[in-house]
Amino acid sequence: MMTSRALLIAACVCVFAHADPYVLNTFDDGKAPHWYAYEDPKGVIEVSPAPDAAVGDGAARVTYTRTGRWGYWDRPLDAARAAECNAVSFWIRGDGSPVVVVPRLYTASGEARADPVSLTSTEWQRVSIRFAHFYPRLTAEQLGALKLFRITRLGVRQPFHFDIDQVQFEQLPPVELDPPTIDSPSPAPGSQTPDAPVTIGAKWHDDGSGIDARSAVIRVNMRDVTDQCELTEEGFTLRADPALRSGMWHIVTVDVRDKNGNRATRLRWQFDKGEVITPTVALDGANCLRVDGVPHFAIGLYSVGVSDMPEVSALGFNTVHSYRWEDTNDNDAAKAYLDAAQDNGLKVFMGLNRGPVLAEQHEVAQERVKALFRHPAIIHWQVVDEPDYRDNSDSWMPVVYKKIKALDPYHPVGAVLCQFRGCARFIDSLDVVQADYYPIPPHPPTNFIGKGFLGIAAMADYGLKAGNYTKPFWYVAQGHKRRPEGCDPATVREPTYNDLKTSAWLPFCRGARGVIWFQWGNIKAQPVTFAAIKRVVAELNELMPLLTATTPDQRGRDADRHVYWLVKSDGTDTYLVACNYEAEEVDVPIPLPEIPSGDAVEVPTGRRVAVSEGVLADHFAGFETHIYRLPAAE
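As the structure is a prediction and not an experimental result, all values here were calculated from the model.

Draft legend 1. Representation of the sheet that holds strand β38 (residues 615-620). Here we have eight strands laid out as an open sheet, ordered β32-β33-β34-β39-β36-β37-β38-β35, and antiparallel in their pairing. Every other strand in the sheet has two partners, leaving β32 (553-558) and β35 (586-591) as the edge strands with one partner each. Sheet twist, expressed as the average angle between the axes of neighbouring strands with direction ignored, equals 25°. Note that strand β37 (residues 608-612) and β38 share two bridges and pair antiparallel. If you follow Val 611 over to β38, its bridge partner there is Leu 616. The strands touched by helix α11 (residues 497-510) are β32, β33 (563-569), β34 (574-580) and β39 (625-629); relative to β34, the strand with the most contacts, the crossing angle is about 120°.

Following this line, the structure appears as structure tokens:
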């Protein structure tokens, strides 16, 4: 439906303007005077002359240079001159990327957005948008105090550019009528029986300009189901078959326009299907999280969007997170995210809105928990990122924990810690202990142990000991290329296969039950790391019976040769996992007094290494991990 909306905007070009337009910029010199870029970090947006113009002598090219970052570009307005107009127009063309930008109007009291403008066309197109077609509609008083026109693109997934020319406000002939209205939604809340097909519908009507049924967009749980609907000028119907998931409420949203482009007031209603789904996530009191009774080892990612989920799931990840929910109270969209995760076989550690948590506005967190706790995709609640660095966190973390557990006794509560001592500080406010430690490339700044990966093992030890070895520990691993203060710039590099593999298996050697990489956008944009993560995750899944085993283990460490190891059975075979946590290569003899002599087989290479007289000796490259299937007693 976005295509039809884009065409609708372009069709609003008008040659019947009544007064001289208020020109914001002609860009005739290829520059953008009085336009300002706001970016995080700096350097996301570059402005340069475009190679040619749509009108006049020049145009500007706006380039977004960095992935995984955001930026917006705006122009202050003369409110008195803007008040004489009722539309904004501009020429624009993209670079063929599947990207959209969003025009916005700002006043002192709020903002309004137009429909996204697609940049897939590399040909100049003129876009004209009436102020009345920015949503939510601005009042006459707000329109008399416009302060900014802005073009926004958030969450850049790839570098791209657009060319822009002749931005102006103008007066178009008055054709506005009140927007259409939508009424008679069905079904009503609580009216459905579990697992029965549902017919969803509503009626709409206009104020004389005529409904454009082709403009309708119907969503169920944020999914566009318009092509499954019967659309008429009187309304729509949808038979949701197969049946919608029972136990959770469902959200229906409808947009429709009249033939002058006026959009309907958005209607949202909810209905449920009666049956309550009993959550099945539980702690077993022995350092293990069980899902549906089965031990769970989290192989996870931060910053995963709904559109990423099919690829992330296919790669072998099983647990995801999105920061989107940590600065908004939009529980409807959060539920849609959970629905998508469930459909892709993923579990979610669901964040709370950070601002209210830090302001101790506990009712906001409680509202999210009450709205979503029945959802089967939730694996635990994420209170806040790094409370170690937050003001008064020792006082409010226990309060938030108790209020969550009072509403939802079924799901664990977690938070990511960033200091070794934080594990003990907050252990009474956590069921799942997560901790980040980012040592790639190896460096010796403050807060790091040694110059290698020893701190990864230390963080796991601190977390597990703080929980008396009864609470699961998940290590938050570095997947991004970073240059922290005190690091030699010459050592900065993308995380490699050995880095990622040892980041996962070293904490496992200390008792960890999960590894969550930070973060998807960076990993996907780093070719070396992306190729490596695919190998590492595939190997983790191949050895999932070992990762989830609750059998006893034997642990050791050769301090002189900087290797940690673990011997453990998956219930069928016995394995040795050995991790070199330093950059120097080393030859290591590992004592295996209970293992018979014979050949150990390295997984996944198939390389054979002898176990002789209770010792396996092997060579380890820097940060290298070896996993061996050990000889079995006859």
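Draft legend 2. Main features of the sheet that holds strand β22 (residues 289-291). Ordered by their spatial adjacency, three strands build an open sheet running β21-β22-β23, and the pairing between neighbours is antiparallel. Two strands in the sheet have a free side with no partner beyond their single neighbour: β21 (281-283) and β23 (294-295). Here β21 pairs with β22 via three bridges, running antiparallel. Looking across to β22, one finds that Leu 283 is bridged to Leu 289.

Draft legend 3. View of the nonpolar core. If you look at the biggest cluster of nonpolar residues, it comprises 92 residues, and the most contacted ones within it are Phe 317, Trp 381, Val 383, Phe 473, Trp 505, Trp 517 and Leu 540. Apart from the residues within four sequence positions on either side, Trp 505 is in contact with Leu 540, Leu 543, Leu 546, Leu 547, Val 577, Cys 579, Thr 625 and Ile 627. One finds Ala 82, Val 127, Ile 129 and Leu 138 within the second-largest nonpolar core, a separate group that totals 37 residues.

Draft legend 4. Fine view of the packing of aromatic side chains. Under the definition given, this model contains 28 aromatic pairs. Where Tyr 302 meets Phe 349, the ring centres are 5.4 Å apart and the plane angle is 85°; that geometry is what we call edge-to-face. Of the two residues, Tyr 302 is situated in the loop between β24 (298-301) and α4 (309-315) and Phe 349 in strand β26 (residues 347-351); the sequence distance between them amounts to 47 residues. Note on Tyr 302: relative accessible area 1%, which makes it buried. Note on Trp 325 and Tyr 337: the rings are 5.4 Å apart at their centroids and 65° apart in plane angle, and the pair reads as edge-to-face. Placement of the pair is Trp 325 in the loop between β25 (319-320) and α5 (331-343) and Tyr 337 in helix α5, with a sequence separation of 12 residues. On the accessibility criterion, Tyr 337 (2% relative accessible area) is buried. The rings of Tyr 22, Phe 27, Trp 35, Trp 73, Phe 90, Phe 131, Phe 149, Phe 162 and Phe 169 are connected pair by pair, giving a single aromatic cluster. Over the ring of Tyr 497 we find Arg 535, and its NZ or CZ is 3.6 Å from the ring centre.

Conventions and cut-offs
Residue numbers run consecutively from 1 along every chain, following the written order of its sequence. Note on the predicted model: pLDDT of at least 70 is required for a residue's local features to be given, and 80 or more for side-chain atom pairs to be given and counted; whole-chain, interface and lining totals, by contrast, use all residues. Side-chain calculation: all heavy atoms of the structure are included, whereas hydrogens and water are not. Strands pair, by our definition, only if DSSP identifies at least two bridges between them. Helix and strand assignments follow DSSP, with helices taken as H or I runs no shorter than four residues and strands as E runs no shorter than two, numbered in order from the N terminus. Note on method: axes are straight lines fitted to C-alpha atoms, helices fitted across the in-contact stretch only, with angles between N-to-C directions ranging 0 to 180 degrees. A contact between two residues is defined here by any heavy atoms of the two lying within 4.5 Å. The definition of a nonpolar core used throughout is a set of buried Ala, Val, Leu, Ile, Met, Phe, Trp, Tyr and Cys residues joined through side-chain atoms within 4.5 Å. Three labels apply to residues, based on accessible area from a 1.4 Å probe with only protein chains included: buried if under 20% of the type maximum, exposed if over 50%, partly exposed otherwise in between. Only Phe, Tyr and Trp rings take part, Trp by its six-membered ring, and two of them pair if their centres are within 6.5 Å. Stacked means planes under 30 degrees apart, edge-to-face means over 60, and tilted covers everything else. Should the NZ of a Lys or the CZ of an Arg lie within 6 Å of a ring centre and within 35 degrees of the ring normal, that charge is described as sitting over the ring.

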